[in-house]
Amino acid sequence: MAEQIVRRVVIAGGGTAGWIAAVALSKQLGTLLDITLVESDQIRTVGVGESTVPTAHTFHHLIGIDEQEFMRETGSSFKLGINFENWGEIGDRYIHSFGTLGKSTWMADFHHLWLHARGEGLAGELEDYCLELQAAEQGKFATSDQFKVNYAYHLDAGYYARYLRRLSEAAGVRRVEGKIASVEQHPQTGFIQSLLLESGERIEGDLFIDCTGFRGLLIEQTLKAGFEDWSHWLPNNSALPVQTRSVGPAMPYTSAIAHDAGWLWRIPLQHRVGTGLVYCSDYLSDDEALARLHQMIEGEILIEPWSIRFKAGRRLKVWEKNCIALGLASGFVEPLESTSIHMIMIAVTRLIQLFPFNGCDDALQRRYNDLSQNEIEKIRDFIILHYHLTERDDSPFWRQVRTMEIPDTLAQRLALFGENAHAYQITEELFRIDSWVQVMLGQRLRPAGHHQLGRLMRPEQLRQALLDLKTNIGKAVAGMPSHQDFLNRYCPAAMA
Ligand SMILES: Cc1cc2nc3c(=O)[nH]c(=O)nc-3n(C[C@H](O)[C@H](O)[C@H](O)COP(=O)(O)OP(=O)(O)OC[C@H]3O[C@@H](n4cnc5c(N)ncnc54)[C@H](O)[C@@H]3O)c2cc1C
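Residues numbered from 1 in each chain as written. Predicted model: local features only at pLDDT ≥ 70, side-chain atom pairs only at ≥ 80, totals over all residues. Heavy atoms only, no water.

Describing the sheet that holds strand E11 (residues 207–210)
Strand order in this open sheet of six strands is E7-E2-E1-E11-E21-E20, and the pairing throughout is mixed. Bordering the open sheet on either side are strand E7 (174–177) and strand E20 (319–320), each of which pairs with just one other strand. For strand E2 (residues 34–39) and E7, the ladder comprises four bridges, and the chain directions are parallel. Residue pairing across strands places Leu37 opposite Arg175, the latter belonging to E7. Against the sheet, helix H1 (residues 16–29) contacts strand E1 (8–12), E2, E7 and E11, and its axis sits at roughly 165° relative to E2. (Pairing = 2+ DSSP bridges. Helix = DSSP H or I, 4+ residues; strand = E, 2+ residues; numbered from the N terminus. Contact = heavy atoms within 4.5 Å. Axes fitted to C-alpha atoms, helices over the stretch in contact; angles between N-to-C directions.)

The following block contains the structure:
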């Protein structure tokens, strides 16, 4: 049997990405690897990233994280979707839920039936036919054999990293505190050999995972893997996060409230609310942004706002030589649909599946890079959709994103839906058909035509079928406790 060449894994950085990598690799491949994580108390983590998508639930399950313990220790709440305000037009509101819309058939997705019935005056609102969406609207939540809902989490990034650190160290990860002063490479191959810390300590490894955030200390500053800038499609480049006291029960959704040069997030945790203004500095100065944030804040400030600059785009090669970038070091598509933690989790899963036990060869690297590119580009298109499909004309920011050129891949999807109401999910794509449908309709795209399946049913039969669906969902939601009551019982926050 071939000897294992890659055994010593060095993770640079201890933010969300670093500790997710540490916990997953140690729990899954533990005895095959020696894992060291280096982080520096002198360099703070980005400190945000608190809203997730349902894959977080699946990922935790895969690596054996106990849900109730995790939620107690991180003050987490449940998330059923995102509540968008002022996106299509000022005053608009819709929820992009994680749920399934109605009942689809093999011939056509549910929304085709709904579009027909709506046109004939036989149907209510689309949201009447989705359990998660109705539960979100009413602030309800339950998860059990009786209530099978598709959900994600809101979590506290600081507590989450601490929690994962505890699990990782228990699984054998060695943590080294220290600032990386330089990265040492093999003189011929350029492969990374070691990290030299300011203390003089040298950390040697076979595989290096760059989780150093936007700076990309290994992947970019050392290996120059390259970056594809997407800011012409996603112009927001600044954020002002702040932590505030809760002013009411935690709702089971994130809010994304558009303003004239970006948007504001509100993420309800058990012990506080995470809020943050996202904006484009070409259209809003930092002082104006701070004033805007203060206008939109609800509740007493617990931690004062801090400033973050970012650029949307992807690292051209997330795997280069013997270095793999995860998290912000690998690229960033702005936080609108809370996809970064998902991408970290998928990237770690992919790494476990394609782990280079016998060395970092080109074919493995190429496969990994292709899959990563494919994934992030689909997510990029979904985010651009929210900006481009707007009718807002009240500010230069909205005029720019409404009229900008968009990627061909997205233009094709819009044409298909705009003409015939068809939406699709490509293999391994994160967002499902129902996500595309909810956002496209929520952003005011009204398809000119749709599948004629609905005409095969008698009007009364169709009206009754839709009424039954709505009634059953209504009954199920009525039987659920409030989200806050469920949290209080299921996983009361340790720090609340
Ligand atoms: C405004 C904003 C909002 C976001 N919201 C969401 C969201 O709602 N949902 C979501 O999924 N994602 C979100 N994200 C993304 C999310 O925050 C990140 O994906 C996640 O926090 C991972 O960050 P990271 O670990 O890659 O980097 P960081 O948190 O920046 O961590 C970098 C680590 O590297 C260490 N480090 C750096 N340099 C050195 C050095 N020289 N020596 C030693 N250590 C070093 C630091 O000490 C730190 O531990 C958001 C991002 C932004 C900017």
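Topic: the nonpolar core
Counting residues in hydrophobic clusters, the biggest one holds 151 residues, and the most contacted among them are Trp87 and Tyr387. The biggest single contributor to this core is helix H9 (residues 362–388), with ten residues. Setting aside residues no more than four positions away along its own chain, Tyr387 makes contact with Trp87, Leu234, Asn236, Trp263, Glu334, Leu336, Phe397, Trp398, Val401 and Arg402. With 19 residues, the next largest nonpolar core counts Val10, Ile192, Leu197 and Phe208 among its residues. (Core = buried A, V, L, I, M, F, W, Y, C linked by side-chain atoms within 4.5 Å. Buried < 20%, exposed > 50% of the residue type's maximum accessible area, 1.4 Å probe, protein only.)

Points about the packing of aromatic side chains
Taken as a whole and judged by the stated rule, the model has 28 aromatic pairs. When the centroid spacing of 6.1 Å and the interplanar angle of 45° are considered together, the rings of Phe78 and Tyr490 count as tilted. Of this pair, Phe78 sits in strand E3 (residues 77–79) while Tyr490 sits in helix H14 (residues 483–490), and the two are 412 residues apart along the sequence. Judged by relative accessible area, which is 0%, Phe78 ranks as buried. Seen in terms of ring centroids, Phe382 and Trp436 are 5.0 Å apart; in terms of plane orientation they differ by 70°. Their pairing is edge-to-face. A residue pair is termed long-range when its members are at least 10 positions apart, and Phe382 in helix H9 and Trp436 in helix H12 (residues 433–442) qualify at 54 residues. Each member of the pair Phe382 and Trp436 is classed as buried. An aromatic cluster of at least three residues, connected via ring pairs, comprises Phe70, Phe78, Phe141, Tyr151, Tyr153, Tyr160, Tyr163, Phe486 and Tyr490. The aromatic ring of Tyr159 is capped on one face by Arg162, whose charged end is 4.8 Å from the ring centroid. (Phe/Tyr/Trp six-rings, centres within 6.5 Å; stacked < 30°, edge-to-face > 60°. Lys NZ or Arg CZ within 6 Å of the ring centre and 35° of its normal.)

A closer look at the domain arrangement of the protein
How large an interface is tends to be reported as the accessible area lost when its parts come together. Annotation of the protein at the domain level lists domain 1 (8–49 + 156–231 + 311–378), domain 2 (99–147 + 394–479) and domain 3 (238–309). Distance between the C-alpha centres of domain 2 and domain 3: 29 Å. Listed per partner, the contact involves eleven residues of domain 2 and ten residues of domain 3. Buried area between domain 2 and domain 3, both sides added, is near 710 Å², and the carbon and sulfur share of it is 70%. (Domains from an automatic or database assignment. Buried area = accessible area lost by both parts, 1.4 Å probe.)

Focus: the environment of Ala142
Tracing the chain through its elements places Ala142 in the loop between helix H5 (131–137) and strand E6 (152–154). In this structure Ala142 comes out as buried when scored by relative accessible area, which is 5%. On a C-alpha basis, the gap between Ala142 and Lys103 in space is 21 Å, while along the polypeptide they are 39 residues apart. If near-sequence neighbours (up to four positions away) are discounted, Ala142 is found in contact with Phe147, Val149, Met480, Pro481 and Phe486.

Some details on the site of the ligand
Neighbouring residues of the ligand: 34 residues in total, closest Ile43, Val46, Ser51, Ile180 and Ile341. The separation between an oxygen atom of the ligand and a polar main-chain atom of Ala17 is 3.0 Å. One of the backbone N or O atoms of Ser40 is found 3.1 Å from an oxygen atom in the ligand. Contact with the protein chains hides 97% of the accessible area of the ligand, taken as 1,000 Å² for the molecule alone. Contributions of two or more residues to the shell around the ligand are made by H1 and helix H8 (340–353). (Near = heavy atom within 4 Å. Polar contact = N/O pair within 3.5 Å; in protein donor to acceptor, adjacent residues only side chain to side chain. Areas by Shrake-Rupley, 256 points an atom, 1.4 Å probe, with all protein chains shown as cover.)

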